[in-house]
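Working through the structure, step by step
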Amino acid sequence: DKAPLSKSLLLVLSAISILLTLLFQHYQKFFAYNLQAIKEDFQIWRLVCGRTVCLDLKDTFCSSLLIYNFRIFERRYGSRKFSSFLLGAWMLSALFDLLLVEITQYIFGITINSLPSGFLGPVFALFVPFYSSIPRVQVTQVLGHFSITNKSLVYILGLQLLTSGSYIWILALSGLISGICYNSSILKVHRILCVPRWVAKLFSWTLEPVFSSAEPTNEVRVGMGATVDIQRQQRMELLDRQIMMSQVAQMRRQRQQQGGMINWNRLFPPLRHRHNANYQDHRPSEQGIPPPTEVSEEQVARLMEMGFSRGDALEALRASNNDLNVATNFLLQH
């Protein structure tokens, strides 16, 4: 929705790449990004064909997923500004491709006659506004130290695309440089390399009705996230919380039907004093008490959002060894 240019790039470029790979392999030579033919035979048209369509299906898959994730910029800036960025990054990255190849040959003595083909320069250039303008929201942690955010998957896709070819690092570097140059307020490149208004209107009248999509009606607009992706993440977290609470309620009804409740005091010794009046008589010695577990403030905040006090949240998380689900189940039962 509201990203017809991203949708057209994803569908058209992927379809051409698949057709060239599976059915029309004898035409692939016209879409090869051959630098030697460009410099020696002046085949300038290879700059257009070779820098638009991927000839490797792995590169097609990764670049299509990245274009799909970067559709957020078209929704935020509009199709004209987004297309201007792609056009400027495409033209600048073509220049930087040739410069980097010459620098590599001059410094390292490596002669590069061809580069991987595809719409890779503008795709890597989009990482610049993605890094600088998209907010970072932590989703979870791995091993307690490595944070997984809403942007991690995009960076992993970019790393996969970067390692798919031998000289694709040149395209990645030229794309990043072109993205920095286009976003720079000092160089003013965005004022020079832009799509004219009449061209944008022409495409909006002809192609936008073909690739436009209706606004989804099954998504409720909730949450105050800065972007659509963050709002969807908030809805997923809300749905997970509702499912967890319904499971706890169902478990409570089953225990009541069986004639008893779960013996939480057996599972949570530090919380036994909340429901056992004889706790002081059976308190273990101070030497046998393990040191308190460090509690994540983010999980404490999530429990407080559910309506629990900070003291109860801290106590439940320490007792459950920072297991948010177990701590929530205990607090809901008591």
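Source: prediction; values computed, not measured. (Residues numbered from 1 in each chain as written. Predicted model: local features only at pLDDT ≥ 70, side-chain atom pairs only at ≥ 80, totals over all residues. Heavy atoms only, no water.)

Notes on the side chain of Glu74
Tracing the chain through its elements places Glu74 in helix H5 (residues 71-77). In this structure Glu74 is buried but unpaired, with Arg75 as the nearest side chain of opposite charge at 7.7 Å. In this view, Glu74 contacts Lys2, Ala3, Pro4, Leu5, Ser6, Ser79 and Phe82; residues no more than four positions away in its chain are not counted. (Helix = DSSP H or I, 4+ residues; strand = E, 2+ residues; numbered from the N terminus. Buried < 20%, exposed > 50% of the residue type's maximum accessible area, 1.4 Å probe, protein only. Lys, Arg positive; Asp, Glu negative; His and termini not counted. Salt bridge = Lys/Arg side-chain N within 4 Å of Asp/Glu carboxyl O. Contact = heavy atoms within 4.5 Å.)

Considerations on helix H6 (residues 79-108)
With 30 residues, H6 extends 41 Å between its outermost C-alpha atoms, agreeing within 8% with the 44 Å of an ideal straight helix rising 1.5 Å per residue. Just downstream of H6, Gly109 is the residue with a positive phi angle, here 70°. (Expected span 1.5 Å × (residues − 1).)

A few points about the UniProt feature "transmembrane region" (unreviewed entry) in the chain
Following the UniProt record, the feature "transmembrane region" (unreviewed entry) maps to residues 6-24, 85-108, 114-132 and 153-177 here. The annotated region residues 85-108 carries 100% helix and 0% strand content, and the separation between its end C-alpha atoms amounts to 32 Å. With 80% helix and 0% strand, residues 153-177 has end C-alpha atoms that lie 22 Å from one another. (UniProt positions renumbered as here; feature names shortened; annotations may be inferred.)

Remarks on helix H4 (residues 57-69)
The end-to-end C-alpha distance of H4 is 18 Å, a good match for the 18 Å that 13 residues give at a rise of 1.5 Å each. Buried within H4 we find Asp59, Thr60, Cys62, Ser63, Ser64, Leu66, Ile67 and Asn69. Where H4 is buried, its residues touch helix H1 (4-22), H5, helix H7 (120-125), helix H8 (127-133) and helix H9 (152-162). One side-chain oxygen of the residue at the start of H4 lies 3.0 Å from the amide nitrogen of Lys58, identifying that residue as Asp56. (Polar contact = N/O pair within 3.5 Å; in protein donor to acceptor, adjacent residues only side chain to side chain.)

Here's the deal with the side chain of Ser64
Examined against the element boundaries, Ser64 turns out to sit in helix H4. Judged by relative accessible area, Ser64 falls into the buried class, the value being 13%. For Ser64, the side chain forms a polar contact with the side chain of Ser14, separated by 2.8 Å.

Quick notes on the packing of H4 against H9
Where H4 contacts H9, the axes come no closer than 9 Å and their chain directions differ by 150°. Accordingly, the angle class assigned to the pair H4 and H9 is roughly antiparallel. Judged by the twist between their axes, the crossing of H4 over H9 is left-handed. Two secondary-structure elements touch here, H4 through Asp59, Cys62, Leu65, Leu66 and Asn69 and H9 through Val154, Leu157, Gly158, Gln160 and Leu161. (Axes fitted to C-alpha atoms, helices over the stretch in contact; angles between N-to-C directions. Parallel < 35°, antiparallel > 145°, perpendicular 65-115°, else oblique. Left-handed = near helix turned anticlockwise from the far one by under 90°.)

Quick word on the environment of Ala316
Secondary-structure assignment places Ala316 in helix H17 (residues 310-319). Remark: the alpha-carbon pair of Ala316 and Val326, spanning 10 residues in sequence, is separated by 8.4 Å.

Concerning the pattern of salt bridges
Close approach of charged atoms allows side chains of opposite charge to pair. Inspection of every chain in the model, using the stated rule, returns four salt bridges. Its salt-bridge partner being Lys39, residue Glu102 comes within 3.2 Å of it at the nearest N-O pair. A residue pair is termed long-range when its members are at least 10 positions apart, and Glu102 in helix H6 and Lys39 in helix H2 (residues 35-40) qualify at 63 residues. Two residues, Asp56 and Lys58, come together in a salt bridge whose shortest N-O distance is 3.3 Å.

Focus: the packing of H1 against H6
Two quantities define a packed helix pair, namely the angle between the axes and the distance from one axis to the other. At their nearest, the axes of H1 and H6 sit 9 Å apart, and the two run at 45° to each other. One finds that H1 runs oblique with respect to H6. Packed against H1, whose contacting residues are Pro4, Leu5, Ser6 and Leu9, the element H6 presents Ser79, Phe82, Ser83 and Leu86 at the interface. Partitioned by chemical class, the residues of the contact of H1 with H6 number five nonpolar, three polar and no charged. (Nonpolar A, V, L, I, M, F, W, Y, C, P; charged D, E, K, R; others polar.)

Some points on a nonpolar patch on the surface
A surface patch of nonpolar side chains, amounting to about 850 Å² of accessible area, comprises Ile18, Leu19, Leu22, Leu23, Phe24, Tyr27, Phe30, Trp45 and Leu57. Considering each element in turn, the nonpolar patch owes the most residues, three residues, to H1. Here Leu57 lies in helix H4. Judged by relative accessible area, which is 36%, Leu57 ranks as partly exposed. (Patch = residues over 30% accessible without salt bridge, like charges linked within 9 Å, V, L, I, M, F, W, Y side chains within 5 Å. Areas by Shrake-Rupley, 256 points an atom, 1.4 Å probe, with all protein chains shown as cover.)

Let's talk about the nonpolar core
Within the largest apolar cluster, 46 residues are counted, with the highest numbers of intra-cluster contacts made by Leu66, Phe70, Phe73 and Leu115. Of all the elements, H6 adds the most residues to this core, at nine residues. Formed by 13 residues, the second largest nonpolar core is a distinct cluster that contains Ala316, Leu317, Ala327 and Phe330. (Core = buried A, V, L, I, M, F, W, Y, C linked by side-chain atoms within 4.5 Å.)

Quick notes on unusual backbone geometry
Backbone geometry at Phe42 places phi at a positive 55°, although glycine is not the residue there. By the secondary structure assignment, Phe42 is in the loop between H2 and helix H3 (45-49).

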